[in-house]
Amino acid sequence: MDLLDSMKVYVAAAEKGSLSAAATACGISATMAGNHLRTLEKRLGMRLLNRTTRRQHLTAFGEDYYLRCKEILRLVAETDAQAQQMQLAPAGQLRISAPVTFGTEALMPALRDYLDRYPDVSVDVALCDRVVDLVEEGFEAAIRIGQLPDSALIAKPLAPYRMMMCASPDYLARRGTPAVPEDLSRHECLSFAPSVLAHWRLSDQDGTSRVPISGRLQVNHGQALRVAALHGLGIVLQPAILLQADVRDGRLVRLFPEHELASRPMSVVYLPDRYRSPKLRSFVDFLTERFQEN
């Protein structure tokens, strides 16, 4: 007899109070139910049920075996369900959170390919720079920039979030082009407000320079800082994805290209139990494929 079938009969007998009730629940005869129980007891060499004409009760070993059987059957059912779910095509609405600049400049262009690949998935994207609570706010995944604190979330690394320093040709014509990092202290540096970093860090083969910066304009929005730089208000340090098109088209000039600017790790995070969803799995796989380290 199949061991799992015998376990199912035993669990039903323990929960329903009799072998006849277990037989009905399992769709088999009372004789067959008794055979399943005897097979288990013979296999184990232990009695599981003490039976009289009026009632039955589990032995001490039978109590423990019942709990173990329930857990085994739960795991088997869960594995079967997961295997079936993996065969389904991704479908339904996927709700995700992403930082504003990355979401606007990198995620939006990439989503066309994702949606073309999975026509039965719709995506609801919330762009914000705060750390959202996936459970409380109903997100299935979030893209996070920076070091992640310890949590129950699963994180998949993406390509680091790289920075670029630029200024407009007009600004450089008026104020001069900084030749070494220390020159930045004499320039108008456009910073994010509230300003929590009074220094910019640049590294090259000779080491790392931590340069104090200052400026008369602070803005709490990356796109606004880009526009300020385009209009000659100063030097900007922002994500490369925000500035690279302007550099390519000559609207901005990249400064210190030989230096490595401080980059930050980037990850996609999600709850452990959500990864069974084909739509979430497809999205995480797409992100790690599209935004992988070069």
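Residues numbered from 1 in each chain as written. Predicted model: local features only at pLDDT ≥ 70, side-chain atom pairs only at ≥ 80, totals over all residues. Heavy atoms only, no water.

(A) Region of the structure containing the overall build of the chain. If you tally the helices and strands in the chain, you get 10 helices and 15 strands. Dimensions of the chain, computed from C-alpha atoms along their principal axes, come out at roughly 100 × 40 × 30 Å. A buried classification covers 40% of the 294 residues belonging to the chain. Of the contacts formed within the chain by residues at least 6 apart in sequence, a portion of 72% connects residues at least 24 apart. Here the chain carries 35 positive and 34 negative side-chain charges, and the mean point of each set is 7 Å from the other. (Helix = DSSP H or I, 4+ residues; strand = E, 2+ residues; numbered from the N terminus. Buried < 20%, exposed > 50% of the residue type's maximum accessible area, 1.4 Å probe, protein only. Contact = heavy atoms within 4.5 Å. Lys, Arg positive; Asp, Glu negative; His and termini not counted. Charge placed at Lys NZ, Arg CZ, Asp CG, Glu CD.)

(B) Fine view of the packing of helix α1 (residues 3–16) against helix α3 (residues 30–44). With their axes 9 Å apart at the nearest point, α1 and α3 run at an angle of 110° to one another. Classified by the angle their axes make, α1 and α3 are roughly perpendicular. Here α1 runs over α3; the crossing is left-handed. Of the residues in α3, those touching α1 at Leu-3, Asp-5, Ser-6, Met-7, Val-9 and Tyr-10 are Ala-33, His-36, Leu-37, Leu-40 and Arg-43. Class assignment of the residues belonging to the contact of α1 with α3 gives a composition of 7 nonpolar, 2 polar and 2 charged. (Axes fitted to C-alpha atoms, helices over the stretch in contact; angles between N-to-C directions. Parallel < 35°, antiparallel > 145°, perpendicular 65-115°, else oblique. Left-handed = near helix turned anticlockwise from the far one by under 90°. Nonpolar A, V, L, I, M, F, W, Y, C, P; charged D, E, K, R; others polar.)

(C) Examining unusual backbone geometry more closely. One non-glycine residue with positive phi stands out, namely Phe-256, at about 50°. Phe-256 gets classed as buried once you look at its relative accessible area, which sits at 6%.

(D) Here's a closer look at the pattern of salt bridges. Enumeration over the complete set of coordinates arrives at 17 salt bridges. The residue Arg-68 makes a salt bridge to Asp-64 at a minimum N-O spacing of 2.8 Å. In this pair, Arg-68 and Asp-64 both sit in helix α4 (residues 60–86), 4 residues apart, roughly one turn of the helix. Owing to a relative accessible area of 36%, Asp-64 belongs among the partly exposed residues under this scheme. (Salt bridge = Lys/Arg side-chain N within 4 Å of Asp/Glu carboxyl O.)

(E) Spatial organisation of the packing of aromatic side chains. Summed over all chains, the structure comprises 7 aromatic pairs. Consider the rings of Phe-102 and Phe-291, whose centres lie 5.1 Å apart with planes at 65°: the pair is edge-to-face. Taken together, the residues Phe-102 in helix α5 (residues 100–117) and Phe-291 in the segment after α10 (278–290) connect sequence positions 189 residues apart. For the pair Phe-102 and Phe-291, a shared accessibility class is recorded, and that class is buried. When the centroid spacing of 5.4 Å and the interplanar angle of 85° are considered together, the rings of Tyr-114 and Phe-283 count as edge-to-face. You can see Tyr-114 sitting in helix α5 and its partner Phe-283 sitting in helix α10, a full 169 residues away along the chain. On the basis of relative accessibility, which here comes to 0%, the residue Tyr-114 falls in the buried class. The class of Phe-283 is buried, set by a relative accessible area of 1%. Three or more aromatic residues joined by ring pairs make a cluster, and in this case those are Tyr-114, Tyr-118, Phe-283 and Phe-286. The ring of Phe-139 is capped by Arg-95, whose NZ or CZ atom sits 4.1 Å from the centre of that ring. (Phe/Tyr/Trp six-rings, centres within 6.5 Å; stacked < 30°, edge-to-face > 60°. Lys NZ or Arg CZ within 6 Å of the ring centre and 35° of its normal.)

(F) Expanded view of the pairing of strand β3 (residues 92–98). Of the strand pairs in this sheet, β3 and strand β4 (residues 121–127) are connected by 7 bridges, and their pairing is parallel. In the strand pairing of β4, Ala-98 is matched with Leu-127. Crossover β3 to β4 through α5 is right-handed. Bridge count between β3 and strand β5 (residues 141–145): 2 bridges; the pairing is parallel. Among the inter-strand pairings, Ile-96 is bridged to a residue of β5, identified as Ala-141. (Pairing = 2+ DSSP bridges. Right-handed = clockwise from strand over helix to strand, strands pointing away.)

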